Amino acid sequence: MGVSGPGVVKKALEQVRGESFEVLCETIKKTAFKITRVGQLVAQEASRKMGIPFGIIDLSLAPTPAIGDSVAEILEEIGLEYAGAPGTTAALALLNDQVKKGGIMASSYVGGLSGAFIPVSEDQGMIDAVEAGALTLEKLEAMTCVCSVGLDMIAIPGDVKASTVSGIIADEMAIGMINQKTTAVRLIPVIGKGIGETVEFGGLLGHAPVMRVNPYGCEAFISRKGRIPAPVHSFKN
């Protein structure tokens, strides 16, 4: 079972606005504990009624297009003018760490992609940050180093070269391999649309502004034959 709750976390943080990092972190941790505990009770009851074994609790803070259900707004409540401002990656790392600490204390069955998802089209706060010019594709890539998944539900111009898309995917794969974490890419080239235009997906997929992609090419890199050797993980510096 997945446990969401960005809106619950944001409301809890509103009560400690301006307090120290210690108070901030304790509030996130306690809120994650409560969300996880309730989620486990619901999941166990559902499993009992359906006659199937109870599995795991996924702690992921998964946003929706609904107003007030945004991971970006949590980051802003932590102290950022917009998601994407300097300090965003640090704030996201702090958020994920406290969510995991609270969840692990609440359940012995934590698993999945525990942390925070940072899709664009499914998070109104992320959309607002893109439209304000605060959040770029490069900053989103940096944020994926500390979040649960990778580049998620991002609309890009339909004329972006296939090699450029491959390069973006390769970058995200490298982050996953080096950091030994789950990562993924959901880029959506929108045919006939350019930077700044909006595409509607509907329902939980929401809508998204078409984001700028670095215009410089990587064809020579992507077209190399063979394979990149697996990274070394035994040496840490």
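Here the structure is a predicted model, which is why all the values come from computation and not from measurement.

Reading guide: rules and limits
Each residue is numbered by its place in its chain's sequence as written, counting from 1. With the structure being a predicted model, the display of local features is reserved for residues of pLDDT at least 70 and the display and counting of side-chain atom pairs for 80 or more, all residues being used for whole-chain, interface and lining totals. Only hydrogens and water are set aside when side-chain values are computed; all heavy atoms of the structure are taken into account. Strands are runs of DSSP state E lasting at least 2 residues, helices are runs of H or I lasting at least 4, and numbering of each runs from the N terminus. Buried, partly exposed and exposed residues are distinguished by accessible area as a fraction of the type maximum, computed with a 1.4 Å probe on protein chains only: under 20%, between the cut-offs, and over 50%, respectively. By the convention used here, residues are in contact when the closest approach between their heavy atoms is within 4.5 Å. Here the open area of atoms and residues is found with the Shrake-Rupley method and a 1.4 Å probe, where only the protein chains shown may cover a residue. Counting of polar contacts relies on pairs of N or O atoms within 3.5 Å, with two restrictions inside protein: one atom must be capable of donating a hydrogen and the other of accepting it, and residues adjacent in sequence are counted only when both atoms are side-chain atoms. Here an angle of 0 to 180 degrees is reported between the N-to-C directions of two axes, which are lines fitted to C-alpha atoms, with helices fitted over the stretch in contact. Crossing handedness is read from the near helix: turned anticlockwise from the far helix by less than a right angle, it gives a left-handed crossing, and turned clockwise, a right-handed one. Any residue that is not Ala, Val, Leu, Ile, Met, Phe, Trp, Tyr, Cys, Pro, Asp, Glu, Lys or Arg is counted as polar, Gly included; the first ten are nonpolar and the last four charged. By definition here, a salt bridge exists when the distance from a side-chain nitrogen of Lys or Arg to a carboxyl oxygen of Asp or Glu is within 4 Å. Strand pairing is assigned whenever DSSP detects at least two bridges linking the two strands. Every crossover in which the path from the first strand over the helix to the second runs clockwise, viewed with the strands pointing away from the viewer, is termed right-handed.

Novice: Got a minute to help me understand the overall build of the protein in this structure?
Specialist: Per the secondary structure count, the protein includes 8 helices and 6 strands. Projecting the C-alpha coordinates of the protein onto the three principal axes gives extents of approximately 50 × 45 × 40 Å. Residue burial in the protein is summarised as follows: out of 237 residues, 43% are buried. Once local pairs closer than 6 in sequence are excluded, the contacts in the protein between residues at least 24 apart make up 73%. Carbon together with sulfur atoms contributes 59% to the accessible area of the protein, which is approximately 12600 Å² in total.

Novice: Quick question: what am I supposed to make of the side chain of T88 here?
Specialist: Of note, T88 is situated in helix 4 (residues 88–106). For T88, the side chain forms a polar contact with the main-chain oxygen of A85, separated by 2.5 Å. Apart from the residues lying within four places of it in its own chain, the contact partners of T88 are L75, L80, Y82, A83, K139 and M143.

Novice: Just checking my understanding: could you explain the packing of helix 1 (residues 6–14) against helix 2 (residues 21–50) for this structure?
Specialist: Two measures define how a pair of helices packs: the angle their axes make with one another and the distance between the axes. Two elements in contact, helix 1 and helix 2, have axes whose closest approach is 10 Å; the angle formed by their N-to-C orientations is 145°. Every pair of crossing elements has a handedness; the one defined by helix 1 and helix 2 is right-handed. Of the residues in helix 2, those in contact with V8, V9, A12 and L13 of helix 1 are L24, T27, I28, T31 and I35. Across the contact of helix 1 with helix 2, the residue classes break down as 7 nonpolar, 2 polar and no charged.

Novice: Explanation requested: the pattern of salt bridges in the structure shown.
Specialist: Pairing is possible between side chains of opposite charge, provided their charged atoms come close. Going through the model one piece at a time under the given rule, you end up with 8 salt bridges. In this structure, the salt-bridge partner of K29 is E26, at a minimum N-O distance of 3.4 Å. Separated by 3 residues within a single helix, K29 and E26 lie in helix 2, roughly one turn from each other. According to the relative accessible area criterion, K29 is partly exposed, its value standing at 27%.

Novice: Please explain the pairing of strand 3 (residues 151–157) as it appears in this structure.
Specialist: On any regular strand, side chains alternate: one points to one face of the sheet, the next to the other face. With 7 of its 7 residues buried, strand 3 lies for the most part within the structure. Alignment of strand 3 against strand 4 (residues 185–190), held across 5 bridges, turns out to be parallel. Bridge pairing in strand 4 places I156 opposite P189. In this fold, strand 3 hands off to helix 7 (residues 162–179), which returns the chain to strand 4; that crossover is right-handed.

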